[in-house]
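Take a look at the letters that make up each chain.
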Amino acid sequence: MTEEILFYGFRQDGRRPGELRQIKIKLGVVDNSSGSALFQIGHTSVLAFIHGPKQTKHEKESGHIHCYFNTAYFSSSGERRKFSKGDKKSNEFEANVRTMFESVVLMENNPHSDIDIHVLVLADDGSVECAAINAITLSLIHAGVPLKDFLVSCSSGFYSGMPLIDLTYSESTSFQVISEYRVAVLGKSLQIAYLNYDDIGGHKLTPEVVREITAMAIEGCKQVHFIMKQELQNACSN
Amino acid sequence: MEDLSTNERNFILLAIKESKQRLDGRGLYDYRRLSVQFHNKRGSCEVALGDTLVYACVNAFIDKPYADRPHEGFFTFTVNFLPMAHPNFEQILGSTLSNKNRRIRNEISQEIERLLEKTLKRANALNVESLCIYSGKYAWNIQVHLHILSHNGNLLDACTIAALLSLSHTRIPETKILPSGDLQFLPKYKPLSLHFLPICITFGFLSDGIIILDPLIKEESVLEGRLMISMNIYGDILTLQKTGAACVGASLLMECIEVARLKVKDITKSIRTALEAAKDIEPEQFEINAERADRLVEDLISN
């Protein structure tokens, strides 16, 4: 891909390197669920809904979190890769969501109860995993599940000495960019709860870049956290 | 994997917290001893990381590339669990599995295969395009079979090292395309073009921000989270993955990367000396018959 990534300090969609795309949040979009949220960031939009806390099938065991990650067939088009249910990438993400949210959900308040998290990607324009994590946090809050803290996520990348946040699809698949460095942090303490990066064969990530890119991603998470909190306060006051 | 009693659990945690001692007397940032044994066949080796034992072998044969990717070879990993590796593997294996499904796909094997794919294939340690011989017609199919013979913790690291060693020990013959379009093997052997040696280092997180390197199987069941760092000797980070419930600060992450950098240097050195010692083993004779190789793989899977 030969597209320009940074042009006079602006990115392809006219953003600055440290600027997020526009975030839109809707709560309670799925009526049949205990809690649901739609998280849109730019053209990426992810729907998450929760069933539970409900009684476990195996009564003697303590409760678990289950995650089901689906991608709508129409979420990406053209030459873009088709995701399917149960491929390696979504399996990995499901397992990660499970362990990640065990750290924030206060399972001891709901003993012997399961929480089912369903994620549906409606449109894919980069940073899907991050949008999914944010959507899950929002839907858990909407369902009234007791949480220790927000879990907010943001992706970041690195291009010619400049860290970028919240990558779009074309940025994250470009060989010139070190991408997608996905970080999820706790909203208040900013401790890293989830981290995932894999090389796509372009430029190599060095420890010095990790330091910059992590700081940038955490900065992005802070912004996302602020927006999410504001939206939730608005939703609750109405 | 292993179910610990509350006493055992507390003992492990207390020993680490109070006296920085681990079950086998190591310090927090010590790696277990790595020993490598090659067999008299090219591309097969046994890697022992402490008491964890992994056998790796590489199968290479000629295959037809996929129609949508005519200039890419095949490069796949399979992880096999043997019931003798750990008593709990027997439950995973199940007694009623049919012969065809003997190759179990559970979470652990999936995790290992995914990590190997990320570090070796996606990061271009071995370029799949270099495996192509004749676009759309002939390409090498490289299959790395990993057999876990004994599980005593940290399978991920042991498996990456075993896969790497067997890959860099493999020799494939030079090939020639005849005017008729057929393929001929030449009696000259070449190594696979591995660009670098990616090595995975696993850290375990305990509560209160304590980090241990190379966790044992008993320590794995008290861990709150794990961090996998794949790096090569040049300090390039190929994969970085933090899973589990533990939360860490950014400074702790940098500390882990620094430790990983040092350990990768040591491991790369010992891999290179092991390869140097085993360089005299004769390469296997290749036959043009691709069916034979297919049969071999089938045998291996069904056994």
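Everything here concerns the structure above.
Predicted, not measured: the structure shown is a model, and the values here were computed from it. (Residues numbered from 1 in each chain as written. Chains lettered and ligands numbered in written order. Predicted model: local features only at pLDDT ≥ 70, side-chain atom pairs only at ≥ 80, totals over all residues. Heavy atoms only, no water.)

1. A closer look at the sheet that holds strand β3 (residues 23-27) of chain A
Picture the strands of a sheet paired through backbone hydrogen bonds; they go either parallel or antiparallel. All names here are of chain A. Taken in spatial order, the five strands make up an open sheet running β3-β4-β5-β7-β6, and their pairing is mixed. Two strands lie at the open edges of the sheet, namely β3 and β6 (65-71), each paired on one side alone. Recorded for the sheet is a direction-independent mean angle of 15° between the axes of neighbouring strands. Here β3 runs beside strand β4 (residues 35-41); their pairing, made up of five bridges, is antiparallel. (Pairing = 2+ DSSP bridges. Helix = DSSP H or I, 4+ residues; strand = E, 2+ residues; numbered from the N terminus. Axes fitted to C-alpha atoms, helices over the stretch in contact; angles between N-to-C directions.)

2. Let's talk about the sheet that holds strand β12 (residues 237-244) of chain B
In spatial order, the strands read β9(A)-β8(A)-β10(A)-β11(A)-β12(B)-β11(B)-β9(B)-β10(B); together these eight strands make up an open sheet with antiparallel pairing. The open sheet has two edge strands, β9 (162-165) of chain A together with β10 (211-213) of chain B, and neither has a second partner. Mean inter-strand twist for the sheet, computed between neighbouring axes without regard to direction, equals 25°. Packed onto the sheet, helix α1 (residues 88-102) of chain A meets β8 (151-159), β10 (178-186) and β11 (192-198) of chain A together with β12 of chain B and runs at close to 160° relative to β11(A). (Contact = heavy atoms within 4.5 Å.)

3. A short note on the interface of chain B and chain A
In this assembly, 31 residues from chain B lie in contact with 31 residues from chain A. Carbon and sulfur atoms make up 53% of the surface buried where chain B meets chain A, a total of about 2,700 Å² over both sides. The shortest N-O distance in the salt bridge between B:Arg261 and A:Glu208 comes to 3.8 Å. For the interface between chain B and chain A, the tally reads 11 residue pairs in polar contact (both at pLDDT 80 or more). (Buried area = accessible area lost by both parts, 1.4 Å probe. Salt bridge = Lys/Arg side-chain N within 4 Å of Asp/Glu carboxyl O. Polar contact = N/O pair within 3.5 Å; in protein donor to acceptor, adjacent residues only side chain to side chain.)

4. Brief notes about the pairing of strand β3 (residues 52-63) of chain B
All names here are of chain B. Along β3, nine of the 12 residues are buried, which leaves the element largely enclosed by surrounding structure. Across six bridges, the pairing between strand β2 (residues 44-49) and β3 is antiparallel. Across the sheet, serine 44 pairs through a bridge with cysteine 57, a residue of β3. Taking the residues that link successive antiparallel strands as the turn, the β2-β3 hairpin has two residues, and the phi of glycine 50 there is positive, at about 65°. (Buried < 20%, exposed > 50% of the residue type's maximum accessible area, 1.4 Å probe, protein only.)

5. A look at the packing of α1(A) against helix α3 (residues 107-122) of chain B
The N-to-C vectors of α1(A) and α3(B) enclose an angle of 120°; their axes lie 11 Å apart at closest approach. Every pair of crossing elements has a handedness; the one defined by α1(A) and α3(B) is left-handed. For the pair α1(A) and α3(B), contact is made by A:Lys88, A:Lys89, A:Asn91, A:Glu92 and A:Arg98 and by B:Glu107, B:Gln110, B:Arg114, B:Glu117 and B:Lys118, respectively. In the contact of α1(A) with α3(B), the residues fall into no nonpolar, two polar and eight charged. (Left-handed = near helix turned anticlockwise from the far one by under 90°. Nonpolar A, V, L, I, M, F, W, Y, C, P; charged D, E, K, R; others polar.)

6. Concerning the packing of helix α4 (residues 155-169) of chain B against helix α6 (residues 250-277) of chain B
All names here are of chain B. Packing of α4 against α6 brings their axes to within 11 Å, and their N-to-C directions diverge by 40°. In this structure, α4 meets α6 at a crossing whose hand is right-handed. Where α4 abuts α6, its residues Ile161, Leu164, Leu165, Ser168 and His169 lie against Ile267, Ile271 and Leu275. Of the residues that constitute the contact of α4 with α6, the class distribution is six nonpolar, two polar and no charged.

7. Thoughts on the packing of aromatic side chains
Under the definition given, this model contains seven aromatic pairs over all chains. Measuring from ring centre to ring centre gives 5.0 Å for A:Phe69 and A:Phe93, while their planes differ by 70°; the resulting arrangement is edge-to-face. With A:Phe69 in strand β6 and A:Phe93 in helix α1, this pair connects stretches of sequence that are 24 residues apart. Centre to centre, the rings of B:Tyr66 and B:Phe74 are 5.1 Å apart; their planes meet at 70°, and the pair counts as edge-to-face. For B:Phe74, a relative accessible area of 12% puts it in the buried group. Lying across the ring of B:Tyr134, B:Lys137 places its NZ or CZ 5.5 Å from the centre. (Phe/Tyr/Trp six-rings, centres within 6.5 Å; stacked < 30°, edge-to-face > 60°. Lys NZ or Arg CZ within 6 Å of the ring centre and 35° of its normal.)

8. Notes on the pattern of salt bridges
Pairing of side chains with opposite charge becomes possible as their charged atoms draw close. Per the stated rule, a full pass over the model turns up 22 salt bridges over all chains. For A:Glu92, the salt bridge is made with B:Arg114, and the minimal N-O distance between the two is 2.8 Å. Of the two residues, A:Glu92 is situated in helix α1 and B:Arg114 in helix α3; the pairing between them involves two chains. When its relative accessible area of 13% is taken as the criterion, A:Glu92 is described as buried. In this structure, A:Asp198 engages B:Lys118 in a salt bridge whose closest nitrogen and oxygen atoms are separated by 4.0 Å. Separated into two different chains, A:Asp198 in strand β11 and B:Lys118 in helix α3 make up a pair that spans both.

9. Thoughts on the layout of surface pockets
One number sums up the size of the second largest pocket: a volume of about 1,700 Å³. Contributing to the lining of the second largest pocket are 46 residues, with A:Arg98, A:Thr99, B:Glu107, B:Glu111 and B:Arg226 lying nearest its centre. At the level of elements, β6 and α1 of chain A together with α3, α4, α5 (217-220), β11 (225-231) and β12 of chain B are the ones that each hand at least two residues to the lining of the second largest pocket. Residue contributions to the lining of the second largest pocket peak at nine residues, all from α1(A). Residues of the lining of the second largest pocket, tallied by class, amount to 16 nonpolar, 16 polar and 14 charged. (1 Å grid on protein atoms, 1.4 Å probe; cavity = no way out; pocket = protein on both sides within 12 Å on 5 of 7 lines; lining within 4 Å. Points joined across faces, edges and corners; volume = space filled by probe spheres on them.)

10. Considerations on empty space enclosed by the protein
Residues and elements named next belong to chain A. Applying the stated criterion across every chain, the model contains two cavities of 30 Å³ or more. Estimates place the volume of the largest cavity at around 50 Å³. Along its surface, the largest cavity is lined by Leu20, Phe39, Ile41, Ser127, Cys130, Ala131, Asn134, Ser153, Cys154, Ser155, Asp166 and Val224. For the lining of the largest cavity, the secondary structure elements donating two or more residues are β4, α2 (128-143) and β8. Of the residues contributing to the lining of the largest cavity, the split by class is seven nonpolar, four polar and one charged.

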